[in-house]
There are 2 protein chains.
Amino acid sequence: MKPSMATIADVAREAGVSKATVSSVFSKKRPISAEVTERVYAVAKRLGYYPNHIAVSLSLKKTMIIGLQMSVTNAGEWPAFNAEMVSGVIQVCAESGYRVLLDTLPENSDRTTMTMDPVDGVILLNPAQEDKRLDRFRQMNIPAVVIGRPNPSSTPACYVDNNNEEMMFRLGLSLLAQGHRQVLFLNAAANMTVAQDRYEGLRAAYRSQGLDFPITHHFHYDWHKHPTADEYGYQTIADTAGLLPYTVVITDQMHIAIGVMRAARELGISIPEQLSLVALGDDAILAQEVSPSLTAVDLQPRQLGAEAARMLLDLIQRAGEPRHRLVDTAFVVRESCSLPNPNSGGKKG
Amino acid sequence: MKPSMATIADVAREAGVSKATVSSVFSKKRPISAEVTERVYAVAKRLGYYPNHIAVSLSLKKTMIIGLQMSVTNAGEWPAFNAEMVSGVIQVCAESGYRVLLDTLPENSDRTTMTMDPVDGVILLNPAQEDKRLDRFRQMNIPAVVIGRPNPSSTPACYVDNNNEEMMFRLGLSLLAQGHRQVLFLNAAANMTVAQDRYEGLRAAYRSQGLDFPITHHFHYDWHKHPTADEYGYQTIADTAGLLPYTVVITDQMHIAIGVMRAARELGISIPEQLSLVALGDDAILAQEVSPSLTAVDLQPRQLGAEAARMLLDLIQRAGEPRHRLVDTAFVVRESCSLPNPNSGGKKG
DNA sequence: CTGAAAGCGCTTACAG
DNA sequence: CTGAAAGCGCTTACAG
């Protein structure tokens, strides 16, 4: 980027050819004689010339870069889930020669600061209240896909998500089949669409058995009340044990479940004998090492990222109408909660 | 990026001013009358105009993007350590208005495929055999800092690293002070500089007590022999228990330690009574949940990333001679191994 | 306070 | 097979 960098003009001059020829030698977009090719390569090497990616992008109107928009919160803690997801995105992009630009800039309404990003497309994480960004990308004519279900209020968009509702429906059904009647659900934050979908699925399972899911057994993660997920799990159990009847608790994350286990230990509640426990989101190493080992639902974060990337790349090549895709989840039964045939049947609707 | 995007020329025409004026309105680099400013903003909004980041970059010769080069392996598994490190990089960059471009392209010697990246500087991970990339960036005149100690054979470079040698020296001293004489060291892969530094530190600790560290007790991770870190730990213990005398094992990663614990469990070796265990690299949640809880060394990956970013940003603004910086580690004593005052004193040299 | 024009480093019809 | 010139969308002296 320094003035000292050799440009295509330098190479052209030194090699005694035109810029167009040098360009062609590197891009191979039109045939150049072996002799000239040879000479150009030699000069380029001597001068340490590398085509300037920015100039190429400006000319070609494509950058081979896709943007990954994550909320600042994500940047702050980067749980394993996000890392896996990002990894899936990177992998698929790399296979097609695309790079990934991480973007954590906070939602900024100051028009003067926002430029048209140097990206061919964009993936949005955490579609909580991101409608604005979505609209902006649409306005910029930049293909976008969100991971997670976007708010229905926002304009239609491409997205990939877990089959959250079905997953919870099946989980609920399995639990009811096991004889459980009182489920405590420590859900994600209330403003997340994923929280709504899962709650709906659980209620549907209850309804299908002619039961009502009691609102008293439904909690939302509140960042203000509990600094960490672990605390959320711990406190909620500490606050409700003995007061609220439940025989199984479902937690939105494994770390919440860790908190639940800690509380249970302190209260002398044995898992799974007196209380069953299942986590939505699976960290296999952690789940296997805690005792009892943790039954969990694998959300396949890597798949989510990979599918999103695939969809975006497809969108970039041949745009089309909004589409979406659901990534299956898998129940991983361990000691903390037994489940009958959780991965088969039970399809809803 | 589509032809439909409004450009600065469109705005200028519609607003009846020059492109220079529109440019100035957005960049605020020279004063423009309130009236004109108003009009330009209005037109820009109506047309959905956003300055094109690529064009700006080409003109300004800076992109406000820094590249993060990671080996493909990293992209594949993204352990918590890397996620934390990347997170540190992102955070510092974001504070200064920089974005991060992830690059996982495999080391490719095909000259035709490599362009001068659209970045103002670059951070390299895993400095195992990356000399080539370093040289390339130097040739391109792109500031670079590596995380980890670069090979001494390569040209001098800026880097940030843990104080690995000192850390191992202190750890070794603490262990010897505890009465341990036989330490089993499950080190990282042999080609990593970090592995060499740690081994040196441990040997120095032994030497300082007039002892020799026996080569029989030093193992290197070999990806071909053990598919996972866990397996590496498990197998090595399974293979050596009873044959090799040792009272404490140091593992390069927590996951290796998990494997060691599993082997110990199966072999009826109780930790820490019969065998002490300490891991280099701390995943607090995991370390606390296993039993016994795991004594570990916090490598402060987030700090590593943050320091690297700070150094790079500094380098971008005012270049200078190669510099480096060591990030302190912290001993976190839990149940698997007791250590006397590991975080104080014992400075080497 | 504002504009015309050259320049950033490439690519691509168009012409030969 | 190769070149001259215009263009990608901005910024910035220079001139007023």
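Note that the coordinates shown come from a computational prediction; the quantities given were computed from them, not determined experimentally.

How should I be thinking about the overall build of chain A in this particular structure?
In terms of regular secondary structure, chain A is built from 13 helices and 12 strands. By residue count, 48% of the 349 residues in chain A fall in the buried class. Taking contacts inside chain A between residues at least 6 apart in sequence as the whole, the part at least 24 apart equals 70%.

Which parts of the structure should I look at to understand the relation of the copies chain B and chain A?
Between the two chain copies there is a screw-like relation: a rotation about an axis and a shift along it. Expressed as a screw operation, the relation of chain B to chain A combines 0.0 Å of axial shift with a rotation of 180 degrees, fitting to an RMSD of 0.1 Å. Seen this way, the second copy is the image of the first under a two-fold rotation axis. Residues of chain B ranked by C-alpha distance from the rotation axis are headed by B:Leu101, positioned 2.2 Å from it. An overlap of 100% is found between the interface residues of chain B and their copies at the interface of chain A, pointing to a shared contact surface.

Would you explain the nonpolar core in this entry?
Counting residues in each nonpolar core, the largest one holds 104 residues, and the members touching the most others are A:Leu277 and B:Leu277. Excluding its chain neighbours within four sequence positions, the residues that come into contact with A:Leu277 are A:Val249, A:Ala257, A:Val260, A:Met261, A:Ile271, A:Pro272, A:Leu294, A:Thr295, A:Ser336 and A:Cys337. A:Ile65, A:Tyr98, B:Val89 and B:Val146 belong to the second largest nonpolar core, which has 82 residues in total.

Honestly, the packing of helix H1 (residues 8-15) of chain B against helix H3 (residues 34-47) of chain B in this entry has me stumped. Any pointers?
Between two packed helices, what matters for the description is the angle formed by their axes and the separation of those axes. Residues and elements named next belong to chain B. As a packed pair, H1 and H3 sit with axes 9 Å apart at the nearest point and diverge in direction by 125 degrees. Looking at the two axes, H1 sits oblique to H3. Judged by the sense of rotation from one axis to the other, the crossing of H1 with H3 is right-handed. Within the contact between the two elements, H1 uses Asp-10, Val-11, Glu-14 and Ala-15 and H3 uses Arg-39, Val-40, Val-43, Ala-44 and Leu-47. Of the residues belonging to the contact of H1 with H3, the class tally is six nonpolar, no polar and three charged.

So what exactly am I meant to see when it comes to the protein's contact with DNA strand C here?
By nearness alone, 26 residues border DNA strand C, and A:Ile8, A:Ser23, A:Asn52, A:Ala55 and B:Pro31 come closest of all. When residues of the surface near DNA strand C are traced back to their parent elements, those giving at least two are helix H2 (19-27) and helix H4 (53-60) of chain A together with helix H2 (19-27) and helix H4 (53-60) of chain B. The dominant element in the surface near DNA strand C, judged by the number of residues it contributes, is H4(A), at five residues. Its residues placed into classes, the surface near DNA strand C shows 13 nonpolar, nine polar and four charged.

Looking at this structure, I do not really get the protein's contact with DNA strand D. What am I missing?
Surveying the vicinity of DNA strand D reveals 26 residues, the closest of which are A:Pro31, B:Ile8, B:Ser23, B:Asn52 and B:Ala55. The set of elements that each furnish at least two residues to the surface near DNA strand D consists of H2 and H4 of chain A together with H2 and H4 of chain B. Broken down by element, the surface near DNA strand D gets its largest block of residues, five residues, from H4(B). Its residues assigned to classes, the surface near DNA strand D comprises 13 nonpolar, nine polar and four charged.

Would you take a moment to explain the interface of chain B and chain A for this structure?
Frequently, the measure chosen for interface size is the accessible area removed from exposure when the parts meet. In this assembly, 53 residues from chain B lie in contact with 53 residues from chain A. Of the residues forming the side of chain B that touches chain A, the biggest block, seven residues, is contributed by helix H6 (residues 80-95) of chain B. Residues belonging to the side of chain B that touches chain A are distributed by class as follows: 29 nonpolar, 15 polar and nine charged. Bridge count for strand E2 (residues 99-103) of chain A against strand E2 (residues 99-103) of chain B is three bridges, and the pairing is antiparallel.

Is there a simple way to think about the sheet that holds strand E6 (residues 183-187) of chain A in this case?
Residues and elements named next belong to chain A. The mixed open sheet is built from six strands, whose spatial order is E7-E6-E8-E9-E10-E12. Of all strands in the sheet, those with a lone pairing partner are strand E7 (218-220) and strand E12 (330-332), marking the two edges. Going from strand to strand, the sheet's axes swing by 15 degrees on average, the running direction of each strand aside. Of the pairings in the sheet, the one linking strand E9 (residues 276-280) to strand E10 (residues 295-298) comprises three bridges and is parallel in character. Of the residues in E10, the one forming a bridge with Ala-279 is Ala-296.

Just checking my understanding: could you explain the pairing of strand E3 (residues 121-124) of chain B for this structure?
Two faces make up the sheet, and in a regular strand the side chains alternate between them. Residues and elements named next belong to chain B. Both faces of E3 are covered, namely the face carrying Gly-121 and Ile-123 and the face carrying Val-122 and Leu-124. Summarising the sheet, strand E1 (residues 65-69) and E3 pair through four bridges and their orientation is parallel. Paired with Ile-66 across the strands is Gly-121, a residue of E3. Of the strand pairs in this sheet, E3 and strand E4 (residues 144-147) are connected by three bridges, and their pairing is parallel. The partner of Leu-124 across the bridge, within E4, is Val-146.

Would you explain unusual backbone geometry in this entry?
Most peptide bonds take the trans configuration, and most residues that are not glycine carry a negative phi. Of note, the amide linkage connecting A:Ile271 to A:Pro272 takes the cis form, showing an omega dihedral of 5 degrees. Among the structural elements, A:Pro272 can be located in the loop between helix H11 (254-267) and E9. Omega for the bond connecting B:Ser291 with B:Pro292 falls within 30 degrees of zero, at 0 degrees, which places this linkage in the cis form. Mapped onto the secondary structure, B:Pro292 falls in the loop between helix H12 (284-289) and strand E10 (295-298). The phi angle at A:Lys61 is positive, at roughly 60 degrees, despite the residue not being glycine. With respect to the helices and strands, A:Lys61 occurs in the loop between H4 and strand E1 (65-69).

How do you make sense of the pairing of E1(B) when you look at a structure like this?
Residues and elements named next belong to chain B. The element E1 is largely enclosed, with a buried count of five among its five residues. Bridge count for E1 against E2 is five bridges, and the pairing is parallel. Of the residues in E2, the one forming a bridge with Ile-65 is Arg-99.

I would appreciate a short explanation of helix H10 (residues 229-240) of chain B in the present structure.
Along an α-helix, a turn takes 3.6 residues, which lines up residues three or four apart on a common side. Residue and element names in this part refer to chain B. For H10, spanning 12 residues, the distance from its first C-alpha to its last is 17 Å, which sits close to the expected 16 Å at 1.5 Å a residue. Taken together, the buried positions of H10 are occupied by Ala-229, Asp-230, Tyr-232, Gly-233, Tyr-234, Thr-236 and Ile-237. In this structure, the buried residues of H10 make contact with strand E6 (183-189), strand E7 (218-221), strand E8 (248-251) and helix H11 (254-267). Where H10 terminates, the next one or two residues include Gly-242, which has phi positive at roughly 90 degrees.

Where do I start with the domain arrangement of chain A in this structure?
According to the domain assignment, chain A consists of domain 1 (8-51), domain 2 (65-162 + 302-327) and domain 3 (164-299). The distance between the C-alpha centroids of domain 1 of chain A and domain 3 of chain A comes to 64 Å.

It is not clear to me how the sheet that holds E2(A) should be interpreted in this structure. Could you clarify?
In a beta sheet, neighbouring strands are held together by backbone hydrogen bonds and run either parallel or antiparallel to one another. Strand order in this open sheet of 12 strands is E11(A)-E5(A)-E4(A)-E3(A)-E1(A)-E2(A)-E2(B)-E1(B)-E3(B)-E4(B)-E5(B)-E11(B), and the pairing throughout is mixed. What marks the edges here is a single partner per strand, and that holds for strand E11 (324-327) of chain A together with strand E11 (324-327) of chain B. Averaged over all pairs of adjacent strands, the angle between their axes in this sheet comes to 20 degrees, without regard to strand direction.

Would you take a moment to explain the confidence of the model for chain A for this structure?
Should pLDDT be low for a region, the predicted coordinates there are not to be read in detail. Confidence in the prediction for chain A averages 88 pLDDT; 89% of positions are at 70 or higher. Within chain A, strand E8 (residues 248-251) of chain A carries the highest mean pLDDT (98), whereas helix H5 (residues 72-77) of chain A carries the lowest (47).

Calculation rules
Counting starts from 1 at the beginning of each chain's written sequence and moves along it residue by residue. Written order decides the labels, with chains lettered from A and ligands numbered from 1. Two thresholds apply to this predicted model, a pLDDT of at least 70 for residue-level local features and 80 or more for giving and counting side-chain atom pairs, whereas whole-chain, interface and lining totals are computed over all residues. The numbering of helices and of strands both runs from the N terminus, where a helix is a DSSP run of H or I of at least 4 residues and a strand a run of E of at least 2. In this scheme every C-beta is placed from the backbone, and a residue whose C-beta has 20 or more other C-beta atoms within 10 Å is buried, one with 12 or fewer is exposed, and one in between is partly exposed. Contacts are defined on C-beta atoms placed from the backbone: any two residues whose C-beta positions lie within 7 Å are in contact. Least squares is used to superpose the copies, and the fit set is the C-alpha atoms of residues whose pLDDT is at least 70 in both copies. Nonpolar core, as used here: buried Ala, Val, Leu, Ile, Met, Phe, Trp, Tyr and Cys residues forming one set through C-beta atoms within 7 Å. For helices, the fitted line uses only the C-alpha atoms of the stretch in contact; every axis is such a line through C-alpha atoms, and the angle between N-to-C directions lies from 0 to 180 degrees. Convention used here: angles under 35 degrees read as roughly parallel, angles over 145 as roughly antiparallel, angles from 65 to 115 as roughly perpendicular, and any remaining angle as oblique. Two helices crossing with the near one rotated counterclockwise from the far one by less than a right angle form a left-handed crossing, whereas a clockwise rotation gives a right-handed crossing. Only Asp, Glu, Lys and Arg are considered charged, only Ala, Val, Leu, Ile, Met, Phe, Trp, Tyr, Cys and Pro nonpolar, and every remaining residue, Gly among them, polar. Nearness between a residue and a molecule or strand is assessed with a C-beta atom placed from the backbone; a distance within 6 Å qualifies. Pairing between two strands requires that DSSP report at least two bridges joining them. To estimate how far a helix should reach, multiply one less than its number of residues by 1.5 Å. Domain ranges listed in this record stem from an automatic or a database domain assignment. Within a predicted model, pLDDT stands for the predictor's per-residue confidence, ranging from 0 to 100.

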